[in-house]
Amino acid sequence: MSQTLIRPIAANSELLLTLDSSGDLNLIPWEAVLAHGGAFRILRVSIPHQREETAPESRLPLPDSQGAHWKNAMGFWLLGLCNNFSYVVMLSAAHDILSHQRASGNQSHVDPEPMPIPHNNSSRFDCNSVSTAAVLLADILPTLVIKLLAPLGLHLLPYSPRVLVSGVCAAGSFILVAFSHSVGTSLCGVVLASISSGLGEVTFLSLTSFYPRAVISWWSSGTGGAGLLGALSYLGLTQAGLSPQHTLLSMLGIPALLLASYFFLLTFPEPQDPGGEEEAERAARQPLISNEAPESKPDTSSNLSLQERWTVFKGLLCHIIPLVLVYFAEYFINQGLFELLFFRNSSLSHAQQYRWYQMLYQAGVFASRSSLRCCHIRFTWALALLQCLNLALLLADVWLSFLPSIYLVFLIILFEGLLGGAAYVNTFYNIAQETTDEHREFAMAAACISDTLGISLSGILALPLHNFLCHLS
């Protein structure tokens, strides 16, 4: 009996809907069509091609899909690297920014005996007059504002303009700090780095909802790589004799790499339903000249009511609170205590010790953010507890000076970085696993506030602590 082939009953179905000569609808398997293709008349779709695209689990991946997978993996790794790079460099340069340890524009090397700003010589600590927590606050408060507002309406702005703004702000931060002659101007450059990092993180984490969940691991690894490469490059170039100014200018290629990775390396998100390719492309790659908000699918976060968003957010608190605690403890250490953990009997200068602390911390972050495939941690509360113990130990050492060697502090700081990186990657992976497709884009954007909130609180508390300790005789 001749039958007319209409279409699959679903995008990934193994059954086809057919219409026989008597007008009855029938469901038949793919195999019947392939074995008796002459008995069917195709009415609407090219079925074998669609089946290969929508049911990849039933066959080996196509070479093109493998290529797209690795392009997206590398794309998100580079986006993570470039997005956090300027943020990390500004924190690594914090001591230099506040000490004015900067060569003049016509010098290519650091003065071996730079003239610092006045220190509090009456204190047993070698303190700058302003805590490095001031740089931390300039580097994080704009990010906090962006992340607080993002779940309310940032999704209405297309992705491409957001990425462009992020890249321009990153480049502006390097230029402004490099040519600055005052702490105030330098802090304005740090604010630009914060805008770039905050806007980029919200944008790219939301973008992962259009791709396989594996890209979250690549993104997290890239952000960890930014910490390591950013801190290590600043340490290495300044140790080699390059001035902080020229070191910052040499990093202008990073924002360009961010834009190239997004616009030329990432592939279009795979369609989630018939006709979804155009919708996914509009959502993720809206042309720069367009003023219209991206049209979204019926089940995306733009259609969630305020009540639904509040319900989803409450469900995220079990992930958000531990990550807030982890980041509060580690950045209280980094920007409140690093400057005060000064070993006078070391061959390293105070500025060099600070740079080494930052580099070792970032090395730990990179290692743990890249470890998701090897070690998945579901209970992130344990990481928060361990990080708070690290804070208590190093705070006690600042007060009592009982740790005998800087190398022991190096190990503690490396462990601190491992805990921070593990908390970040596992938190977002757990959220991606536990949320529905409908809520995932909003959940990823909302959870971004965790680390920023913890960092902001640590900076606010680290400033008075610095002033108190530095006025002790």
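Rules used in this analysis
- Residues numbered from 1 in each chain as written.
- Predicted model: local features only at pLDDT ≥ 70, side-chain atom pairs only at ≥ 80, totals over all residues.
- Heavy atoms only, no water.
- Helix = DSSP H or I, 4+ residues; strand = E, 2+ residues; numbered from the N terminus.
- Buried < 20%, exposed > 50% of the residue type's maximum accessible area, 1.4 Å probe, protein only.
- Contact = heavy atoms within 4.5 Å.
- Salt bridge = Lys/Arg side-chain N within 4 Å of Asp/Glu carboxyl O.
- UniProt positions renumbered as here; feature names shortened; annotations may be inferred.
- pLDDT = per-residue confidence, 0-100.
- Patch = residues over 30% accessible without salt bridge, like charges linked within 9 Å, V, L, I, M, F, W, Y side chains within 5 Å.
- Areas by Shrake-Rupley, 256 points an atom, 1.4 Å probe, with all protein chains shown as cover.
- Phe/Tyr/Trp six-rings, centres within 6.5 Å; stacked < 30°, edge-to-face > 60°.
- Lys NZ or Arg CZ within 6 Å of the ring centre and 35° of its normal.
- Axes fitted to C-alpha atoms, helices over the stretch in contact; angles between N-to-C directions.
- Parallel < 35°, antiparallel > 145°, perpendicular 65-115°, else oblique.
- Left-handed = near helix turned anticlockwise from the far one by under 90°.
- Nonpolar A, V, L, I, M, F, W, Y, C, P; charged D, E, K, R; others polar.
- Core = buried A, V, L, I, M, F, W, Y, C linked by side-chain atoms within 4.5 Å.

- The name given to the protein chain in an unreviewed UniProt entry is Battenin, with the source organism recorded as Pteropus alecto.

## What about the overall build of the protein chain?
- Along the protein chain, the regular secondary structure elements total 17 helices and four strands.
- Burial statistics for the protein chain: of 473 residues in total, 52% are counted as buried.
- Relative to all contacts within the protein chain whose residues are 6 or more apart in sequence, the contacts with residues 24 or more apart total 78%.

## Observations regarding the pattern of salt bridges
- If you walk through the whole model with that rule in mind, you get four salt bridges.
- As a salt-bridge pair, K147 and D451 come within 3.2 Å of each other at their nearest N and O atoms. A residue pair is termed long-range when its members are at least 10 positions apart, and K147 in helix α5 (residues 133–153) and D451 in helix α17 (residues 449–470) qualify at 304 residues.
- With a relative accessible area of 1%, K147 lands in the buried category.
- Look at D451 and you get buried, because its relative accessible area is 6%.
- The salt bridge partner of R378 is E434, with a shortest N-O separation of 3.4 Å. With a gap of 56 residues between them, R378 in the loop between α13 (350–369) and α14 (381–400) and E434 in helix α15 (residues 406–434) connect regions that are remote in the sequence.

## Observations regarding the side chain of S186
- By the element assignment, S186 lies in helix α7 (residues 183–207).
- On the basis of relative accessible area, S186 is assigned to the buried category, the value being 0%.

## As for the UniProt feature "transmembrane region" (unreviewed entry) in the protein chain
- This chain's UniProt record puts "transmembrane region" (unreviewed entry) on residues 133–157, 163–180, 216–237, 249–268, 312–333, 379–400, 406–429 and 441–463.
- In residues 379–400, the share of helix is 91% and the share of strand is 0%. The end C-alpha atoms are 33 Å apart.
- In residues 441–463, the share of helix is 96% and the share of strand is 0%. The end C-alpha atoms are 35 Å apart.

## With respect to the confidence of the model for the protein chain
- The predicted model of the protein chain has a mean per-residue pLDDT of 77, with 72% of residues at 70 or higher.
- Per-residue pLDDT stays below 50 along residues 101–118; that stretch engages in 39 contacts with residues further than four places along the chain or on separate chains.
- Every residue in residues 272–299 is under pLDDT 50, and counting partners more than four places away or in other chains gives 52 contacts.

## Some words on the environment of F366
- Along the chain, F366 turns up in helix α13.
- Separated by 146 residues in sequence, F366 and S220 place their C-alpha atoms 8.5 Å apart.
- The residues touching F366, leaving out its near neighbours within four places in the chain, are W77, S221, G224, G225 and L228.

## What about a nonpolar patch on the surface?
- Together, L385, L386, L389, L408, L411, L414, F415 and L418 give the surface a local cluster of nonpolar side chains, amounting to about 680 Å² of exposed area.
- Those elements giving two or more residues to the nonpolar patch turn out to be α14 and α15.
- For the nonpolar patch, the element with the most residues is α15, which contributes five residues.
- Within the fold, L411 resides in helix α15.

## Some thoughts on the packing of aromatic side chains
- Under the definition given, this model contains 16 aromatic pairs.
- Both rings, one in Y331 and one in Y361, keep their centres 6.1 Å apart while their planes meet at 80°; by these two values the pair is edge-to-face. A residue pair is termed long-range when its members are at least 10 positions apart, and Y331 in helix α12 (residues 306–337) and Y361 in helix α13 qualify at 30 residues. Note on accessibility: Y331 and Y361 belong to one class, buried.
- A connected cluster of aromatic rings, assembled from ring pairs, spans F338, Y354, Y357, Y407 and F410.
- Above the ring of Y159, the side-chain terminus of R162 is found at 4.4 Å from the ring centroid.
- The positively charged end of R369 is found above the aromatic ring belonging to Y424, 3.7 Å away from the centroid.

## Some words on the packing of α12 against helix α16 (residues 437–447)
- With their axes 10 Å apart at the nearest point, α12 and α16 run at an angle of 55° to one another. Relative to α16, the element α12 lies oblique. Considering the relative orientation of α12 and α16, their crossing is right-handed. On the side of α12, the interface is formed by E308, R309, V312, F313, L316 and I320, while α16 contributes E438, H439, F442, A443, A446 and A447.
- For the contact of α12 with α16, the per-class residue count stands at eight nonpolar, one polar and three charged.

## Considering the packing of α5 against α7
- Between α5 and α7, the least distance of the axes is 8 Å, while the angle of their chain directions is 35°. Two packed elements cross with a definite hand, and for α5 against α7 that hand is right-handed. Contacts from A134, V135, A138, D139, I140, L141, P142, T143, I146, K147 and A150 in α5 reach L187, V190, V191, A193, S194, I195, G198, L199, E201 and V202 in α7.
- Considering only residue class, the contact of α5 with α7 consists of 15 nonpolar, three polar and three charged.

## Things to note about the nonpolar core
- Grouped together as the largest cluster of nonpolar side chains are 101 residues, with contacts concentrated most on L207, L337, Y357 and F428.
- Apart from the residues lying within four places of it in its own chain, the contact partners of Y357 are F338, L341, F343, I406, V409, F410 and I413.

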